[in-house]
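Observations on the model geometry
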Amino acid sequence: MVHYPDMKPESSPARYIRIIELDPDDWEFADESNTSPRSRNDVRWLPTGPCILDNIPQDILEEIVQVLATMPNRYLKFFSLTCKRIRRLCKPHLFQTMRLSCESKILPGKVYHDTGDVWRHIRELTIYGSWNARFLGPLVKNHGVASVLEDFLSRLSRLNTLNLIGSVAGIPSDVANMLLSISTLSRFILEVKLDCLHPTLPRGARLPTMTFTSFEYMVPRYSVSTPSFNGGASILQLVLEQRSSSLVHLTLPIGIISSSTLACLRWPRLRELNLQGDCDLGQGAPVAIDAILSGMPYLRSLSVLLPQGPNSRRLSLWPLQRDAPFPCQELESLAVSYADPQDSAYSQLPATLRRLSLRCTPRHYVRRYRFEEKTLIHLGLQSPILTASEVLSILRQCRSERLWELELEYEEDERDKELLASISAYFPALAVLTLYRYRRRDHSIDASAIEMAQALAPLKRLRILRLHLDFANAPHPLMCYMTNVQPGTWAAYDNTLTSTAGTFVAHVESLQLVCMLFRERRTNKWRPYKVVRGQPHGSSVQLDESITTLGHLNICDEDGPRTSAQYTTREELHLFEF
């Protein structure tokens, strides 16, 4: 958008209008009538008259809108204010998602009176908050929550994704049945504790006809587990029993439904399975992953990221005593936390495998500092991280010339160099490599970047390299709260990251991007260093913070746990244990 700061509106007031710039982050839900500026500084003056964009062909404008839709939301929103024609083209992208609060929108009945044509563009709806009856408005009291909400959702003709975030007040059963039966849904996301689903269903009960092919039950990564409520488990069991033959994508916390129940079901269309865990995993009976996988022969993506409790054992997908072959012979992606080197599944992985991740859940680096480790101890979480020798024994079983993405999280030992050398020998076609390499607790010497780079030099197709090397001079994530910080700490660490990235670029000629992990507060973000080649002095790296996406990879790693440091005042910092 072009501004004219030198042209004053007083010179020709009839030729100018006020354009109000809205910050998209301030919009809670899609309402075109909410166009009041946040402040007078948000007002710009632009000339009126015929829009020059009227002469641009439709297909070119659509291409521009498609490009802007991939950028931060504010660019597309500002562009949509140009003229009515552009506004019509932008609407399907501007109003794809909507968030509705139960307390302020649904139960009082405010959302049902809104008019406009934006509803038909909404594809993803998030409903959150409490369903407490004290928020009911007159309209909802007279007709019931489920009836009125169903009438409103009928306007959302393109709705395909529903995200339901519950609260301790519970979700009414008639509302849950109505939401499950939305005919346009293809994806249903549930972010609610089991004890929020009520009441307990009678024996022989059935849920309404459901159409979604993706069901995701999400659990918080860091939370103290609560006892499962029978009503919630019954509803989930019915959902899985009625949709097992049609589901394509399933995300499920392990343990809320017994392994035997899942093993009795058949999943002929399931292609992606994500098994998560809660923090009391390992206190009950061991989870039989092999029994669950037996009924999923056409699985293509498998992620089993289970945290380890005090009594947990290493995760085995296919124990040695199983006589039958590993069933998932079309598998393309595999992610496992705390893998068992004795697991026979790794020697039977199919040639179709393209991605492999051997990692910790949560990331092992959150245990380095006391302020985070205390939270993990309180939750009962352990981190039996794999050693370099254990990772090496697993990789020897699953070497592949077709694998193009590999992620490893391990602790160094005497076979560290052998492991790094084996990566290029076992997986020569790698295009993306992520390494989380940790020093031993009793070892304060950093890894040699030159030796690591030389070991990876034979990888001729490697394009993206992401590294966390557990440097000893890494600043504390909460250093912004500290008062005794030595000058130059940040600058020294920045130089360490830049020089390390440059070392790898100098030895691995095919690299296009090197990302170094940077921790600050709870945020763990990959710093992207773009490779610059063809210079007289050789290749170099340049930090490019404009890179906000790495394709299917995330620019941000998993957040750390919430701790009391985020709510500690500066006067109380001397009492806080960093």
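In what follows, the structure referred to is the one given above.
Throughout what follows, the structure given in this document is the object of discussion. In this convention, every chain numbers its residues from 1, walking through the sequence in written order. Reporting of local features is limited, given that this is a predicted model, to residues whose pLDDT is at least 70; pairs of side-chain atoms are given and counted only at 80 or more, and all residues count toward the totals for whole chains, interfaces and linings. Only hydrogens and water are set aside; all other atoms, that is, all heavy atoms of the structure, feed into the side-chain values.

What follows is about the overall build of the protein chain. Note on conventions: DSSP H or I runs of at least 4 residues are helices, E runs of at least 2 residues are strands, and numbering of each starts at the N terminus. Helix and strand content of the protein chain: 15 helices and 18 strands. Taken across its 578 residues, the protein chain has 49% of its residues classed as buried. Here, two residues are considered to be in contact whenever any of their heavy atoms come within 4.5 Å of each other. Nonlocal contacts in the protein chain, meaning residues at least 24 apart in sequence, comprise 74% of its contacts between residues at least 6 apart. Here the protein chain has roughly 28200 Å² of accessible surface; of this, 50% comes from carbon and sulfur atoms. Each residue is assigned to one of three classes by its accessible area relative to the maximum for its type, calculated with a 1.4 Å probe on protein chains only: buried under 20%, partly exposed between the two thresholds, exposed over 50%. Here the Shrake-Rupley method, with its probe set to 1.4 Å, supplies the accessible areas, and only the displayed protein chains count as covering residues.

Next up on the list: unusual backbone geometry. A cis amide bond, omega -5 degrees, links T361 with the succeeding residue P362. Position of P362 among the secondary structure elements: in the loop between β12 (355-359) and α11 (370-379). Positive phi, close to 55 degrees, is recorded for Y338, a residue that is not glycine. One can find Y338 in the loop between β11 (333-337) and β12. Phi at D470 takes a positive value of approximately 55 degrees, unusual for a residue other than glycine. Position of D470 relative to the elements: it lies in the loop between β15 (464-468) and α15 (489-507).

Position of S383 among the secondary structure elements: in the loop between α11 and α12 (388-397). Residue class for S383 comes out buried when judged on its relative accessible area of 16%. In terms of polar contacts, S383 uses its side chain to reach the side chain of H364, at 2.7 Å. Non-local contacts of S383, meaning those with residues more than four positions away in its chain, are made with Y338, C360, H364 and R367. In the analysis that follows, any N or O atom pair within 3.5 Å is treated as a polar contact, provided that within protein one partner can donate a hydrogen and the other can accept it, and provided that, for residues neighboring in sequence, both atoms belong to side chains.

Cavity means a closed set of points on a 1 Å grid over the protein atoms alone, one where a 1.4 Å probe fits but cannot get out, pocket means an open set with protein on both sides within 12 Å along at least 5 of 7 lines, and lining means a residue has an atom within 4 Å of a point. Grid points are joined across faces, edges and corners, and a volume is the space filled by probe spheres set on the points. In this structure the tally under the stated criterion is 3 cavities of 30 Å³ or more. Considering only enclosed or pocket space, the largest cavity measures out at about 120 Å³ in volume. Surrounding the largest cavity, 13 residues form its lining, Y369, H468, A474, Y493 and R519 being those nearest its centre. Here the lining of the largest cavity takes 3 residues from strand β16 (residues 513-520), the largest share from any one element. Just so you know the grouping, Ala, Val, Leu, Ile, Met, Phe, Trp, Tyr, Cys and Pro go in nonpolar, Asp, Glu, Lys and Arg go in charged, and all remaining residues, Gly too, go in polar. Split into classes, the residues belonging to the lining of the largest cavity amount to 9 nonpolar, 1 polar and 3 charged.

Inspection of the secondary structure puts H249 in strand β8 (residues 249-253). Among the polar contacts listed, one links the side chain of H249 to the side chain of S214, at a separation of 3.2 Å. A polar contact is formed between the side chain of H249 and the side chain of T251, at a distance of 3.2 Å. Those residues in contact with H249, other than ones at most four positions away along the chain, are T213, S214, F215, E216, L270, E272 and N274.

Fitted lines through C-alpha atoms give the axes, limited to the stretch in contact for helices. The angle between two N-to-C directions lies from 0 to 180 degrees. One way to put it is that helix α6 (residues 145-153) packs onto helix α7 (residues 173-180) with a least axis distance of 9 Å and a crossing angle of 20 degrees. As the angle between them shows, α6 and α7 are arranged roughly parallel. Where α6 crosses over α7, the two elements pack in a sense that is right-handed. Facing V145, A146, L149, E150 and L153 of α6, the residues of α7 in contact are D174, V175, M178 and L179. Here the residues of the contact of α6 with α7 sort into 7 nonpolar, no polar and 2 charged. Comment on the angle field: the value is read as roughly parallel under 35 degrees, roughly antiparallel over 145, roughly perpendicular from 65 to 115, and oblique elsewhere. For any helix crossing, the convention is left-handed if the near helix is rotated counterclockwise from the far helix by under a right angle, and right-handed if that rotation is clockwise.

Take it as geometry only, folks, not as evidence of what the structure does.
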